[in-house]
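Listed here are the chains, written in short residue letters.
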Amino acid sequence: MTELLTRAEASNYKETSRHSDVLAFIDELCRRTKLARRVDFGKSGEGQPMVAIIVSDRGCFTPELALKQKKVVVMVEANIHAGEVEGKESVLALARDLTLTKLGKTLLDKLCLVLVPNFNPDGNDRISPNNRKLDLKNLEGQVNPEGGVGTRYTGEGWNLNRDNMKQEAPETRALARLHQTWWPHVFIDCHTTDGSIHAFDLTFDTSHSNEPLFSELRSFNRVMLERVAKAVRKRHGFDSFWYGNYKDEGDPRSGWHTYPALPRFGSHYRGLLGRIDVLLETYSYIGYERRCQVMRAWLLELFRDAAKNATSYRAATGNEEERIVSRGESPDVQALVGINYGVATRDDKGKLVFEYPAHAKPGDHADILAFDEASITERRYPGKRRRSYRGPHYRTFVPTQAVSTPTAYLVPAELAPRLEGHGIRFERLDAPRRFTVDSYRVARREETFSPDVAANVPPPGQAEVPLSQKPKPVRFETVLTVAPERGTREVPAGTLYVPTAQRAGTLAVYLLEPHSDDGFCRWQFLDGLITVGELYPVHRVVGATSAPKKAE
């Protein structure tokens, strides 16, 4: 029988798979083994099928069977940015090796893998050798395969890794439905990163949003990632560390700074849902084949760790879900949900802009494997001599706005589809009702540009505009200044009653508060209902004479 190879393998890593190659590979793999099944879960913006491969044994191809068989459900998303193709190639090759060789013999008894190798099929097929072209002067781009790669954005221009809260792209909405259906214990997101000059093959991370609320799961997640990093080093020889860049570019002693805690980023979004999350970023300045190898090594060791510690994984996520629900059942005014991490400033034209700084806890240090300072300063990779540096690890976020979890929210009917998109349960009130509520009066309204969220996409075959060239602004955000007030209000029939005693309860808080840095208001979905001087149209329930008894 002909050997089943990815396009990367067949071309000796000179090319990357088109979406048609991905589909053909999946179909052939499913034909050859009973351990894999194709699941179509939506259409891309340009109408291409979005496909997952379910890999498991004992016929475990549904969430119900995974629950019954007590398997850890691991979902892997690759190619969210379609110029970052290593995850796509590694997921396909690993699915093959886990099913057609002995590699998965002991793993698939404990795991049900839901693999999405090409989350951005339209961007993937917009191949150009000039996409993500290496530019060390600006610390961006990568060592490309000769045939080129796809684009950062979708065919419609969405950055899918800034779309988790607003869900404007059909790809995001489709994956959200898949995630809600399978409710994976672990989610792994595959990327490739440029940035500061260092000597790691891959950097990794997990959610940072609301760490005090999710402290037990975050601790579990971090210990697990450190453990897997050691296994990757021991068994595969790759050096890995927490994701970051130098706080002051070019100065390796200035500290190591992670990315903003905004839940528009997938890892922080899933953290609000109380699930185990893993961000993998291969280093774009190493060669394409090596990037595929380190990604495969990390995926395999993550699978091995999940299988070995299956009971602990299920317990950690189950306990976290119980804590989220209990915050809605028995609201505690001291258990605050951070909903804004931005520090507002003004540019030279007086326009509102935001920074999202991370802080270093006392004693939290990063040991960075890098090169001599001259190489770092000259932006040369690889550098002449390897060196290690120690500095503060900036990975702790302090909210600038935080609120307690109310019993429920009263929400305009217009937001029903958006709540449904996030799997948030609600009930429509069948008659007018009175509630004691905490409301917000709108004192000021401004607009700010939202960078790297959407872009004008060039025709197929042409290269996209690099971020260093500051592409034309496309997407903006509404910023409100509000003042709280309490009162008794009658709301009309049809108003949505959204209880927070549900698995997405903390996410609901983040989405519905007016001063959230990543909520429905911020993304301009309520602009038509907001008037300065009037009340914000979403209210926090303090009490009710006849609140609904169930949510649907």
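In what follows, the structure referred to is the one given above.
It should be emphasised that the depicted structure is a prediction, and the values quoted were computed from it without experimental measurement. (Residues numbered from 1 in each chain as written. Predicted model: local features only at pLDDT ≥ 70, side-chain atom pairs only at ≥ 80, totals over all residues. Heavy atoms only, no water.)

Draft legend 1. A look at the pattern of salt bridges. Evaluation of the coordinates by the stated rule reveals 48 salt bridges. Taking the shortest distance from any N to any O, the salt bridge between Arg291 and Glu86 comes out at 2.8 Å. In this pair, Arg291 sits in helix H9 (residues 288-308) while Glu86 sits in helix H4 (residues 86-100), placing the two residues 205 residues apart along the sequence. Of the two residues, Arg291 and Glu86, neither departs from the other in class, the shared state being buried. Among the ionic pairs, Arg162 bridges to Asp452, the shortest N-O distance being 2.8 Å. One end of the pair, Arg162, is in the loop between helix H5 (121-124) and helix H6 (170-182); the other, Asp452, is in the loop between strand S19 (433-449) and strand S20 (476-491), with 290 residues separating them in the sequence. An identical accessibility class is assigned to Arg162 and Asp452; each is buried. One connected set of salt bridges, linked through shared partners, spans Glu84, Arg132, Arg152, Arg162 and Asp452. (Salt bridge = Lys/Arg side-chain N within 4 Å of Asp/Glu carboxyl O. Helix = DSSP H or I, 4+ residues; strand = E, 2+ residues; numbered from the N terminus. Buried < 20%, exposed > 50% of the residue type's maximum accessible area, 1.4 Å probe, protein only.)

Draft legend 2. Local environment of the packing of H4 against H9. Relative to each other, H4 and H9 sit at 50 degrees, their axes nearing to 9 Å. Viewed along their axes, H4 and H9 adopt a mutual orientation that is oblique. Viewed along their axes, H4 and H9 form a crossing whose handedness is right-handed. Of the residues in H9, those touching H4 at Glu86, Gly87, Glu89, Ser90, Val91, Leu94, Asp97 and Leu98 are Tyr288, Arg291, Cys292, Met295, Arg296, Leu299, Leu300 and Phe303. A class-by-class count of the residues in the contact of H4 with H9 yields 9 nonpolar, 2 polar and 5 charged. (Axes fitted to C-alpha atoms, helices over the stretch in contact; angles between N-to-C directions. Parallel < 35°, antiparallel > 145°, perpendicular 65-115°, else oblique. Left-handed = near helix turned anticlockwise from the far one by under 90°. Contact = heavy atoms within 4.5 Å. Nonpolar A, V, L, I, M, F, W, Y, C, P; charged D, E, K, R; others polar.)

Draft legend 3. View of the environment of Thr400. On the secondary structure map, Thr400 appears in the loop between strand S15 (386-394) and strand S16 (401-404). Counting along the chain gives 76 residues from Thr400 to Phe476, while the straight-line C-alpha distance between them is 21 Å. Setting aside chain neighbours within four positions, we find Thr400 in contact with Asn340, Tyr341, Gly342 and Val343. At 3.0 Å, the side chain of Thr400 forms a polar contact with the backbone oxygen of Gly342. (Polar contact = N/O pair within 3.5 Å; in protein donor to acceptor, adjacent residues only side chain to side chain.)

Draft legend 4. Representation of the packing of aromatic side chains. As enumerated under the stated definition, the model contains 17 aromatic pairs in all. Members of the aromatic cluster, each reached through a chain of ring pairs, are Tyr283, Tyr285, Phe371 and Tyr381. Of note, Arg395 hangs over the ring of Trp242, and the distance from its end group to the ring centre comes to 5.1 Å. Residue placement shows Arg522 over the ring face of Phe354; its charged tip is 4.6 Å from the ring centre. (Phe/Tyr/Trp six-rings, centres within 6.5 Å; stacked < 30°, edge-to-face > 60°. Lys NZ or Arg CZ within 6 Å of the ring centre and 35° of its normal.)

Draft legend 5. Summary view of the sheet that holds strand S6 (residues 202-205). Ordered in space as S1-S2-S4-S3-S5-S10-S6-S7, the 8 strands form an open sheet in which the pairing is mixed. Two strands lie at the open edges of the sheet, namely strand S1 (36-43) and strand S7 (240-242), each paired on one side alone. Neighbouring strand axes in the sheet, compared pairwise and without regard to direction, differ in orientation by 25 degrees on average. Summarising the sheet, strand S2 (residues 49-55) and strand S4 (residues 111-116) pair through 3 bridges and their orientation is antiparallel. Each residue of the ladder has a partner; that of Val55, found in S4, is Leu113. Against the sheet, helix H2 (residues 19-32) makes contact with S1 and S2, and its axis sits at roughly 145 degrees relative to S1, the strand it touches most. Relative to strand S10 (residues 276-283), H9 is tilted by about 160 degrees, and along the sheet it contacts strand S3 (72-77), S4, strand S5 (186-193), S6, S7 and S10. (Pairing = 2+ DSSP bridges.)

Draft legend 6. Representation of the pairing of strand S12 (residues 343-346) in the model. Two elements, S12 and strand S13 (residues 352-355), share 4 bridges in a ladder whose sense is antiparallel. Across the sheet, residue Thr345 finds its bridge partner in S13, namely Val353.

Draft legend 7. Seen up close, the sheet that holds S15. Strand order in the open sheet made by the 4 strands is S8-S9-S15-S14, with mixed pairing throughout. Looking at the sheet topology across the chains shown, the edges are occupied by strand S8 (245-246) and strand S14 (365-371). Pairing of strand S9 (residues 256-257) with S15 involves 2 bridges; the strand directions are parallel. When the bridges of S15 are listed, Trp256 appears paired with His393.

Draft legend 8. Examining unusual backbone geometry more closely. The omega angle of the peptide bond from Tyr381 to Pro382 is -5 degrees, so this bond is cis rather than trans. The topology assignment puts Pro382 in the loop between helix H11 (373-377) and S15. The phi dihedral of Asn12 falls on the positive side, at around 55 degrees, and the residue is not glycine. Of note, Asn12 is situated in the loop between helix H1 (7-10) and H2. Positive phi outside glycine occurs at Tyr13, with the angle close to 60 degrees.

Draft legend 9. Layout of H2. Compared with an ideal rise of 1.5 Å per residue, which puts 14 residues at 20 Å, H2 spans 20 Å between its outermost C-alpha atoms and is within 8% of the ideal. Every buried residue of H2 is listed here: His19, Val22, Leu23, Phe25, Ile26 and Leu29. For H2, the buried positions fall inside an angular range of 160 degrees around the axis, keeping them on one side. Seen from the buried face of H2, the exposed residues on the opposite side, beyond 90 degrees, are Ser20 and Arg31. Residues of H2 that are buried make contact with S1, S2, H4 and H5. (Expected span 1.5 Å × (residues − 1). Arc of directions from axis to C-beta.)

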